[in-house]
Amino acid sequence: MELDLRAAGSLLQPVFAVGKSRQISDITEVLCSIRRLCSADGCILWLWTEQGTPSNSRLFAAAEDFEPVNGQPAEPLWHYLLPDSPSTCAVREDAPQRFIRLPDERFPGDPDRQAMVRLGIRSFCTVPVRWPNALPAEGALGAVNFYRRSEEPFSEQEFSLAKSLAPLVPLLLDDLINHASFHLLRQIFDLLHSPAALPNPDLGFWTHQVLRTLQTVLTDVQETFNCLECSVYMIKRDAADGTIHLVSTIWPWRHRSQPASYAPGVGLTGYCGSRTTPICIFDLGRFEEDLPHIREKYPDIDWSVPFDLKVAAREVLTKGSGDKLPPLSFLAAPIVDHGRTLGVLRCCVARSAPYYFNQRQLDLLCLVAGLIGEWCGAYFRLRLAQERRVWLQSYVRTISALNGRAHEAAVGHKRDFESLFPKALEAAGNALPEAYGLAAHLASSDNRTLRFAQGSGQAWTTISSKEIQRRQAPVSLAEPGSPLVEAFSGNTVVSTGDLGSSNYRLSPFPEAAGVVVAPISSGSRKYGVLTIAFAPPGTLSEQAVTVAELLGRQLGLYLFLGETITELREKKEELERTVEVQQQAFENLNHQLKTPVFLARRAARHLMSRKNLVDTVREIPRLNGQLRRAEQVVTNIRMFYDLARGRPIHPNRTATRPEKLLERLSDTVRSHNLFSLNPLRGIHFTVADESPRLDLPNVVAWLDLELLDQMLDDLLDNAEKYGDPNTVVTVRMGVMARGQWLYVSVSNYGKTVSITSQAAKTLAERGQRGDTAVWRGQEGSGIGLYIVREILTAHHGRLEIYPTNEQNITEFRLVFPTGPPDGSHENSAH
Amino acid sequence: MKTLLIEDDYYFGEEIVGDLENAIPSLKGSFDIIRTEQQFKERFQGSEPLQFGFIILDVMLTWDNQSGGRPPAEVVKGGYFEAGIRCLKQLREHPSTRSTPVIVHSARDTDQILQNILKERISMDGVTVVPKSGDPEPLVSAVRQLQTSPDVS
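Residues numbered from 1 in each chain as written. Chains lettered and ligands numbered in written order. Predicted model: local features only at pLDDT ≥ 70, side-chain atom pairs only at ≥ 80, totals over all residues.

### Re the overall build of chain B
Worth spelling out the cut-off: Think of it this way: any DSSP run of H or I at least four residues long counts as a helix, any run of E at least two long counts as a strand, and we number them from the N terminus. Residues with at least 20 other C-beta atoms within 10 Å of their own are called buried, those with 12 or fewer are called exposed, and the rest are partly exposed. The C-beta atoms themselves are positioned from the backbone. Here the contact rule is simple: place C-beta atoms from the backbone, and any two residues whose C-beta atoms are within 7 Å are in contact.
Along chain B, the regular secondary structure elements total six helices and five strands. Reading chain B from its N end, one meets helices and strands in the order β-α-β-α-β-α-α-β-α-β-α. Evaluated residue by residue, chain B yields a buried proportion of 41% over its 153 residues. The long-range fraction of contacts in chain B, counting pairs at least 24 apart against all pairs at least 6 apart in sequence, stands at 75%.

### Considering the overall build of chain A
Counting secondary structure elements, chain A contains 21 helices and 25 strands. The contacts in chain A between residues at least 6 apart in sequence include a share of 66% that link residues at least 24 apart.

### Considerations on the sheet that holds strand β12 (residues 340-350) of chain A
All names here are of chain A. This is how the line gets drawn: Any two strands are treated as partners once DSSP identifies two or more bridges connecting them. For every element, the axis is a line fit to its C-alpha atoms; helices are fit only across the contacting stretch, and the angle between N-to-C directions ranges from 0 to 180 degrees.
The strand order β9-β8-β7-β12-β11-β10 describes an open sheet built from six strands, whose pairing is antiparallel. The open sheet has two edge strands with one neighbour each: β9 (261-262) and β10 (279-281). Relative to strand β11 (residues 330-337), β10 runs antiparallel, the two being bridged by three bridges. Following the sheet pairing, C280 is matched in β11 by L331. Of the strands in this sheet, β7 (227-235), β8 (244-250) and β12 touch helix α7 (residues 208-225), which is tilted by about 60 degrees from β8.

### Structural notes on the packing of helix α17 (residues 658-674) of chain A against helix α18 (residues 705-722) of chain A
Axis angle and axis distance: for two packed helices, these are the angle between their axes and the distance between the axes, and together they describe the pair. All names here are of chain A. Heads up, the condition is: Should an angle fall under 35 degrees it is called roughly parallel, over 145 degrees roughly antiparallel, and 65 to 115 degrees roughly perpendicular, with every other angle called oblique. Two helices cross in a left-handed way if the nearer one is turned anticlockwise from the farther one by less than a right angle. They cross in a right-handed way if the turn is clockwise. Amino acids outside the nonpolar list (Ala, Val, Leu, Ile, Met, Phe, Trp, Tyr, Cys, Pro) and the charged list (Asp, Glu, Lys, Arg) are all regarded as polar, and Gly is one of them.
In contact at an axis separation of 10 Å, α17 and α18 are set at 40 degrees when each is read in the N-to-C sense. Overall, the two elements α17 and α18 adopt an arrangement that is oblique. Considering how the two elements wind past one another, α17 and α18 form a crossing that is right-handed. Counting all contacts with α17, which are made through R664, L665, T668 and H672, the residues of α18 involved are L705, L708, D709, L712, D713 and L716. Its residues placed into classes, the contact of α17 with α18 shows five nonpolar, two polar and three charged.

### As for the packing of helix α11 (residues 359-411) of chain A against helix α12 (residues 421-431) of chain A
Residue and element names in this part refer to chain A. Two numbers describe how α11 lies on α12: the axes approach to 8 Å, and their chain directions differ by 170 degrees. With respect to their mutual orientation, α11 and α12 come out roughly antiparallel. Residues W391, L392, S394, Y395, T398, I399 and L402 of α11 lie in contact with α12, whose contacting residues are K423, A424, A427, A428, N430 and A431. Of the residues that constitute the contact of α11 with α12, the class distribution is nine nonpolar, three polar and one charged.

### Concerning the nonpolar core
Residues and elements named next belong to chain A. Heads up, the rule is: We define the nonpolar core as any set of buried residues of the types Ala, Val, Leu, Ile, Met, Phe, Trp, Tyr and Cys, connected via C-beta atoms lying within 7 Å of each other.
With 103 residues, the main nonpolar core has W46, A62, V169, L331 and V368 as its most contacted residues. Ranked by residue count, the leading element in this core is α11, at 10 residues. Excluding its chain neighbours within four sequence positions, the residues that come into contact with W46 are L59, F60, A61, A62, L81, S87, G142, A143 and N145.

### Remarks on the sheet that holds strand β5 (residues 127-131) of chain B
Within a sheet, each strand pairs with its neighbour through backbone hydrogen bonds, oriented either parallel or antiparallel. All names here are of chain B. As summarised here, the arrangement of the five strands in space is β2-β1-β3-β4-β5, forming an open sheet in which the pairing is parallel. In the strand order of this sheet, the two ends are held by β2 (31-34) and β5, each with one partner. Each strand axis lies, on average, 20 degrees off the axis of its neighbour in the sheet, ignoring direction. Alignment of strand β1 (residues 2-6) against strand β3 (residues 52-57), held across five bridges, turns out to be parallel. Its bridge partner lying in β3, T3 is registered against F54. Strands β1, β2 and β3 of the sheet are contacted by helix α1 (residues 10-23), whose axis makes an angle of about 150 degrees with β1. This element, helix α5 (residues 110-119), spans β4 (102-106) and β5 of the sheet and lies at about 155 degrees to β5.

### Focus: the pairing of strand β25 (residues 809-817) of chain A
All names here are of chain A. Relative to β25, strand β23 (residues 741-749) runs antiparallel, the two being bridged by nine bridges. Looking at β25, one finds that S745 is bridged to R813. Of the strand pairs in this sheet, strand β24 (residues 798-802) and β25 are connected by five bridges, and their pairing is antiparallel. Following the sheet pairing, E800 is matched in β25 by R813. If you look at the hairpin formed by β24 and β25, you'll find six residues sitting between the two strands, and N808 has a positive phi there, around 65 degrees.

### Overview of the pairing of β23 of chain A
For strand β22 (residues 728-736) of chain A and β23 of chain A, the ladder comprises seven bridges, and the chain directions are antiparallel. By the bridge assignment for β23 of chain A, V731 of chain A is matched with V746 of chain A.

### Considerations on α7 of chain A
Residues and elements named next belong to chain A. Rules: Given the number of residues in a helix, its expected span is that number minus one, multiplied by 1.5 Å. The arc in question is traced by the directions running from the helix axis to the C-beta atoms.
For α7, spanning 18 residues, the distance from its first C-alpha to its last is 26 Å, which sits close to the expected 26 Å at 1.5 Å a residue. Residues of α7 that are buried: V210, T213, L214, V217, L218, V221, T224 and F225. The buried residues of α7 all sit within an arc of 140 degrees when viewed along its axis, so they share a single face. Those residues of α7 that are exposed and angled more than 90 degrees off the buried face are H208 and T219. Looking at the buried residues of α7, the elements they touch are α6 (168-193), β7, β8, β12 and α11. Two residues or fewer after α7 comes N226, characterised by a positive phi angle close to 55 degrees.

### Focus: helix α3 (residues 86-93) of chain A
All names here are of chain A. Buried within α3 we find P86, S87, T88, A90 and V91. Taken together, the buried residues of α3 touch β1 (42-48), β2 (59-66), β3 (80-81), β4 (97-99), β5 (123-129) and β6 (142-148). The positive-phi residue at the C-terminal boundary of α3 is D94, with phi of around 55 degrees.

### Points about the environment of I787 of chain A
All names here are of chain A. Mapped onto the secondary structure, I787 falls in helix α21 (residues 784-794). Using a count of 25 C-beta atoms within 10 Å as the deciding quantity, one classes I787 as buried. Separated by 148 residues in the primary sequence, I787 and M639 place their C-alpha atoms 7.1 Å from one another. Beyond its immediate stretch of four places on either side in the chain, I787 contacts N636, M639, F640 and D714.

### A word on the confidence of the model for chain A
All names here are of chain A. Stated formally: pLDDT gives the predictor's per-residue confidence on a scale running from 0 to 100.
Confidence in the prediction of chain A, expressed as mean pLDDT, is 82, and 85% of residues score 70 or more. Mean pLDDT across the elements of chain A ranges from a minimum in helix α20 (residues 771-775), with 50, to a maximum in β11, with 94. With pLDDT under 50 throughout, residues 823-830 is counted as low confidence; its partners more than four residues away or in other chains account for 15 contacts.

### Let's talk about unusual backbone geometry
Residue and element names in this part refer to chain A. Omega for the peptide link from A353 to P354 comes to -10 degrees, which places this bond in the cis form. Mapped onto the secondary structure, P354 falls in the loop between β12 and α11. In this structure, D94 takes a positive phi of about 55 degrees despite not being glycine. Judged by local crowding, D94 falls into the partly exposed class, with 13 C-beta atoms found within 10 Å. Positive phi, close to 60 degrees, is recorded for H796, a residue that is not glycine. Given 14 C-beta atoms within a 10 Å radius, H796 is considered partly exposed.

### Structural notes on the confidence of the model for chain B
Residues and elements named next belong to chain B. Counting all residues, the mean pLDDT for chain B is 87, and 92% of those residues have values of 70 or more. Of all helices and strands in chain B, the one with the weakest mean pLDDT is helix α3 (residues 73-78) (74), whereas β3 scores best (95). Overall fold confidence for the complex sits at a pTM of 0.52, while the interface term, ipTM, reaches 0.86.

### Observations regarding the environment of Q97 of chain A
Residues and elements named next belong to chain A. Residue position: Q97 is located in strand β4. Each C-alpha atom, one on Q97 and one on K163, is 9.7 Å from the other, the two residues being 66 residues apart in sequence. For Q97, the residues in contact, after removing those within four places along its chain, are P86, A90, C125 and T126.

Structure, rendered in structure tokens:
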């Protein structure tokens, strides 16, 4: 058959139409043009279904065009051909067929025939077609059928023309798909990259502007695919369970509400989101038949979603008496950014030709989802960076505030820097919102365990108080494989994001998938560890390591500061005490020395001015007494000076028998009676009567008698100062432990100045004075008893202080060992 | 007119009385001696007239030699080092002795005594500081000077 020019021009029309087209549904225009060229009343592109097993495959009407009857569009034809229909046979055999008149007796059982009869079709021809560039072995992908209502069947020439034109249909459909795909991608790319579509991180993501942009994307997808429904589901930012939630949709169904969310793995949408798997179902209307194939392709889908697409689609798609549905195709593409699933883009049911979605549409939808993922991801990253900046600023501000507190504490000489821990951990938690739990442990004093010091984060708020108590148990520093122990021992940061794959359970966060443990240290001084745990795998960031390291050092510095302040304060207090004691001692000694010296000078003056012997003799004891006072002070000063410089006292010991000692004691007591510090007080000194009755004549003590005088003078002066007026101070001598020890005691009576048993323990310390002695405001340097104790120590003896008893008697006992001293250089016995 | 001597050292008190009575016979038998800070407080507690020609005041004074009881907080805190300064303050606050000449007579460093008087915001009017020494002459001279002053009757 030869084409005339008019026919040739008509042939080019669909080609040009494809060039301008932006919608795949324009394939109908192509069918219309070809149909008219072949003088047919109708034309259908039949394609093999792409789902199911080969035995389950069937031809379905991908696109159709029929001449209207009486100006009304023809009712839709049947949507599937049965396996034994003439067209199916022709496609299988890849052989064009012409059916002159219907019914054709060659196909008596053709059930499709009845449909054609109902539609007034009297003849038709079928031409198997292939995809462009398909190999001959791949067989026909379907057929283009031409239908005629008139009595006149297709002539040989018309059949030849049909055979020539039919292959154009898949070729042009392919071009249409390419063209529409390119156009859609370009349009969405431009939309999402336009300045107006860039979300503002300050305003949050799901603003009206963002939702409007997404709606535009869905509209573009719908126009290109001509789908009934198109939706975007996204994972909520803070939701850890992976549930996706509806954020934008084009929803055609009138009476049924759309699922607002899908849990992971639930339904095709939930499955796509949780598995990051694109899904293409050719016909959900034949779900039961195709289920084995679907299950094989997408195992473990949870089909608990009650929504019945077939019923819903029937509401929209069926017209008139037709009750059959075209393929209810379903596509779902994961919205992914840098490997992280953000949501799902899905669409379903093509409402115009071609009435199906296949892998090519799915690929296109995946590309669109990719653009959305990139767009959302860019925003999320921007927002995350901004939030991290804000968190870090907040962290730095908090740490700065903590440093301020630490400074105030340091100035105020407070030592409890551990009290800064809660705020510090809270600041770190705010800077790392993905952190599951934080804990600070401090090493015990014996360095055997890490004791729990402080916790923060959601890990501590979601468990029972009993569990909290359990998790606060100390961690042994001998525990093998513990990152806490490793960080503390090595004074280094330890981080792992793979705790979940090992059998090790981290203390105190056994559910953690990742952890950073940083030492709490300052220089080489280790105090403990800071633990930051992360529950979902993959949430451990470099930032967490940095924050942990910084915070560990910060806490270490606080503790170091506290430690240093404590040491300095103690040293300062000790120094102040020493300085104060020394100043007071100096003042006292100065006063104690000046007074007798001045008085001795005056006595000497008087002595020289006396004319008669009686007056002169009367002056002598006074002069002697003042000189003795002065000498006593000078000796005390010299000994104190020597002892302060670490020079021990070297007594010049001689073997002294009790009788000799008693004489010495009597002399000293006499001297004190002759010249007391204050005669008005009426203190009398005496040696106890029983002292001479020692029945141990062989007892010999090795004593420095000059030093004994010194000690007695100090004790008798104290007794005079602190004893009650008009009382007796008794000096007594005796032996202890069957003669192993010899003692000299001084007892005074005093109600007003008593010595408690507690005071007795420290009274001989340098600079110590009894409380009541201080109250009495008496002069005293606080070194007298200290020197007495040191002199006794040099004699291998000891000072025993008996607190004031119920009879108001206070006793000081000088205890000496009897028998020969270690050295052999001592003088012989007196 | 009585002379008040506040001196806790028995021997120094005797010396001062002897020296001044010998040098200035008009003072013979005029000495009224207080030996502790507590005695001083008891004496000056009320506002009864206490007329003295002049007062000799030691600085380092014991609180109490006679009876027990805890002394006031300032005594416990300041101790006996500043007892004379506390007494001087009270002398200057008492209506009878507000303008009575006082000779502060102490073995302590003079500058230290002056500093402590200033620290307590006590007026130096009528106050003379004479260091204790083995020589009675400085004190005698200071008293003589007071005797010739028209303020001392």
